[in-house]
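Fold and geometry: a report
Listed below are the residues making up each chain.
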Amino acid sequence: MSPSTITLLFLLFAVIMFVLEKIPLAVTSMIVCIGLVVTGVLDVKTAFAGFIDSNVILFVAMFIVGGALFETGMANKIGGIVTKFAKTERMLIIAIMVIVGLMSGVLSNTGTAAVLIPVVIGIAAKSGYKRSRLLMPLVFAAAMGGNLSLIGAPGNLIAQSALQEIDMKFGFFEYAIVGLPILIAGILFYATIGYKLLPNHDVKDEGAFDTEKDFSNVPAWKQWLSLIILVLTLLAMIFEDKIGIKLCISGGIGALLLILTGVISEKDALKSIDLKTIFLFGGTLSLAAALQNTGAGELIANKVIGALGENPSPYILTFVVFILCCILTNFMSNTATTALMVPICLSIAQGMGADPRAVLMACVIGGSCAYATPIGMPANTMVVGAGGYKFMDYVKAGFPLIIIATVVSMIILPIAFPFFP
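Here we summarise the structure given alongside this text.

Procedures and definitions
- Residues numbered from 1 in each chain as written.
- Predicted model: local features only at pLDDT ≥ 70, side-chain atom pairs only at ≥ 80, totals over all residues.
- Heavy atoms only, no water.
- Core = buried A, V, L, I, M, F, W, Y, C linked by side-chain atoms within 4.5 Å.
- Buried < 20%, exposed > 50% of the residue type's maximum accessible area, 1.4 Å probe, protein only.
- Helix = DSSP H or I, 4+ residues; strand = E, 2+ residues; numbered from the N terminus.
- Contact = heavy atoms within 4.5 Å.
- Phe/Tyr/Trp six-rings, centres within 6.5 Å; stacked < 30°, edge-to-face > 60°.
- Lys NZ or Arg CZ within 6 Å of the ring centre and 35° of its normal.
- Polar contact = N/O pair within 3.5 Å; in protein donor to acceptor, adjacent residues only side chain to side chain.
- Expected span 1.5 Å × (residues − 1).
- Patch = residues over 30% accessible without salt bridge, like charges linked within 9 Å, V, L, I, M, F, W, Y side chains within 5 Å.
- Areas by Shrake-Rupley, 256 points an atom, 1.4 Å probe, with all protein chains shown as cover.
- Salt bridge = Lys/Arg side-chain N within 4 Å of Asp/Glu carboxyl O.
- Axes fitted to C-alpha atoms, helices over the stretch in contact; angles between N-to-C directions.
- Parallel < 35°, antiparallel > 145°, perpendicular 65-115°, else oblique.
- Left-handed = near helix turned anticlockwise from the far one by under 90°.
- Nonpolar A, V, L, I, M, F, W, Y, C, P; charged D, E, K, R; others polar.

This part takes up the nonpolar core. Of all hydrophobic cores here, the largest spans 147 residues; its most connected members are L138, F140 and M341. No other element matches the 11 residues that helix 4 (residues 54-71) contributes to this core. Filtering out sequence-adjacent residues up to four positions away, L138 remains in contact with I96, V100, A113, L116, I117 and V120.

What follows is the structure, encoded as structure tokens:
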């Protein structure tokens with residue numbers, strides 16, 4: 001059997017197992033990861049590269065930074081302030097989505113989610129609302145907000161660098177022409193109909209996210225220092241390009257400072273790391289690598305686009321590119337999807353004599369619609385444990401958002417980015 005066939009079989013196995021959830025998600029990921037090595041599709045180094053991926057380092061660091069916010073009771077304090085303003089659960093969801101969406105536009109969307117997850121869990125504890133109903137809107141808003149500027153998501157820059165090779169480019173806020181209407185539509189959706197689709201789980205607290213503790217004996221300096229370090233970490237992430245320090249390193253410095261100053265003990269820091277998230281993310285990155293290395297991902301893309309015939313209608317091509325990116329991004333990382341699809345889309349556009357910006361915009365926006373699975377985007381994976389989510393929770397709450405994003409994009413794309421300007 002060819003490596004690409006084996007990869008597609010593992011993809012099928014992963015999809016079925018993720019949906020049925022007969023075995024834990026992280027275990028499925030590890031079966032795929034080790035299976036790809038045993039069958040000779042990947043070497044050990046490539047298969048396990050996901051575990052030293054910069055996003056995994058960022059997860060570990062931000063779990064510790066978030067853990068410190070909890071251990072000191074600061075997350076609950078912030079939660080108390082926020083819940084004074086947002087009187088109902090619905091208002092709280094809107095407030096969280098607006099803040100996260102706008103922050104993700106100028107920050108990394110993964111970084112924004114990582115910083116705000118502990119704050120939102122604190123809000124849930126203080127308000128008495130279930131965290132499973134607040135965390136999912138948070139990560140969806142982070143994904144949508146990533147499309148507000150050139151630096152909101154890695155995929156945006158991948159498309160930009162491909163365009164620069166042919167002396168074209170997107171403006172800094174040009175993605176927002178499509179991204180902002182999607183964010184607004186998404187917020188309105190979860191404030192109305194989508195509100196009923198959000199998961200409703202009682203989550204038993206484990207480890208650092210213990211919101212039932214009595215924090216009255218925690219010194220005030222520890223509380224304030226945990227917040228100051230969080231804010232400084234956030235600022236370092238905002239000015240990543242200016243200071244030249246990567247997100248995961250900023251997070252690592254923040255985590256180390258918290259341990260060294262005694263704000264959080266080493267034991268509590270280790271307890272705050274959600275290993276389920278690490279294994280789920282690291283394991284599925286091996287599948288993304290196999291899809292890329294064996295050409296299985298390209299095979300899927302070429303088959304679908306090839307089915308359109310010689311001279312496809314620009315509208316149909318835009319739609320197919322968008323949908324294909326949507327599907328792939330829910331099973332590969334959104335960055336890997338964009339990296340795979342950008343060169344394919346570019347050659348199609350050039351072959352048709354069409355404006356490559358039109359096809360690449362569809363590719364990038366479609367590639368960010370990772371709402372229907374817990375593995376499409378790092379932020380989705382980060383809240384699996386904290387929200388007590390199952391695979392189907394993402395499908396139920398996230399799939400309608402993909403439909404909304406598709407409808408909005410199909411209306412705006414042909415007007416703002418015509419194929420033959």
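Next comes the rest of the description.
Next up on the list: the packing of aromatic side chains. For any two aromatic rings, the description comes down to two numbers: the centre-to-centre distance and the angle of the planes. In the structure shown here, the tally under the stated rule is nine aromatic pairs. On the numbers, 4.9 Å between centres and 75° between planes, the contact of F189 with Y190 is edge-to-face. A single burial state applies to F189 and to Y190, both of which are buried. Chaining the aromatic ring pairs together yields one cluster made of F140, F189, Y190 and Y371. The positively charged end of R90 is found above the aromatic ring belonging to Y195, 4.0 Å away from the centroid. The ring of Y195 carries R133 above its face, with NZ or CZ at 4.8 Å from the centroid.

On to the side chain of R133. Secondary-structure assignment places R133 in helix 8 (residues 131-145). A polar contact of 2.8 Å, which involves the side chain of R133, links it to the backbone oxygen of Y195.

Relative to the assigned elements, L134 resides in helix 8. As for L134 and L92, which are separated by 42 residues in sequence, their C-alpha atoms are 8.0 Å apart. Residues in contact with L134, not counting those within four places in the same chain, are E89, L92, I93, I96, V120, I123 and A124.

In this section: helix 19 (residues 356-367). Taking 1.5 Å of rise per residue, the 12 residues of helix 19 would be expected to cover 16 Å, and the 16 Å separating its terminal C-alpha atoms lies within 8% of that figure. Burial runs high along helix 19: 12 of the 12 residues are buried. Within helix 19 the residues assigned to the buried category are P356, R357, A358, V359, L360, M361, A362, C363, V364, I365, G366 and G367. The N-terminus of helix 19 is capped by D355, whose side-chain oxygen sits 3.1 Å from the backbone nitrogen of R357.

What follows concerns a nonpolar patch on the surface. A cluster of nonpolar side chains, contributed by W224, I228, V231, L232, L235, I238, F239 and I243, occupies part of the molecular surface with about 720 Å² of accessible area. No other element matches the six residues that helix 11 (residues 220-238) contributes to the nonpolar patch. When you line up the elements, I238 lands in helix 11.

Next up on the list: unusual backbone geometry. Positioned with a positive phi, D167 is a non-glycine residue whose angle comes to about 60°. Among the structural elements, D167 can be located in the loop between helix 9 (154-164) and helix 10 (176-191). D167 sits in the exposed class, given a relative accessible area of 74%.

With that out of the way, let us pick up the packing of helix 8 against helix 21 (residues 391-416). Running from amino to carboxyl end, helix 8 crosses helix 21 at an angle of 40°, the nearest separation of the two axes being 12 Å. The angle between helix 8 and helix 21 places the two elements in the oblique class. In this structure, the crossing between helix 8 and helix 21 has a hand that is right-handed. Contacts between helix 8 and helix 21 involve M136, F140 and M144 from the first element and D393, Y394, A397, G398 and L401 from the second. The residue makeup of the contact of helix 8 with helix 21, split by class, is six nonpolar, one polar and one charged.

A few words on helix 18 (residues 334-352). Under the 1.5 Å per step criterion, the end-to-end length of helix 18 is 26 Å for 19 residues, consistent within 8% with the ideal 27 Å. Those residues of helix 18 not exposed but buried are N334, A336, T337, T338, L340, M341, V342, I344, C345, L346, I348 and A349. Its buried side turned inward, helix 18 meets helix 9, helix 15 (275-293), helix 16 (296-306), helix 17 (314-329), helix 19 and helix 20 (378-387). Phi turns positive one or two residues past the end of helix 18, at G353, with a value near 75°.

Take the packing of helix 6 (residues 89-106) against helix 8 next. Helix 8 packs onto helix 6 with a crossing angle of 30° between their chain directions and a minimal axis gap of 7 Å. With respect to helix 8, the axis of helix 6 lies roughly parallel. By crossing handedness, the relation of helix 6 to helix 8 is classed as right-handed. Across the interface between the two elements, E89, L92, I93, I96, M97, V100, G101, S104 and G105 from helix 6 touch R133, L134, P137, L138, A141, A142, M144 and G145 from helix 8. Taken together, the residues of the contact of helix 6 with helix 8 sort by class into 11 nonpolar, four polar and two charged.

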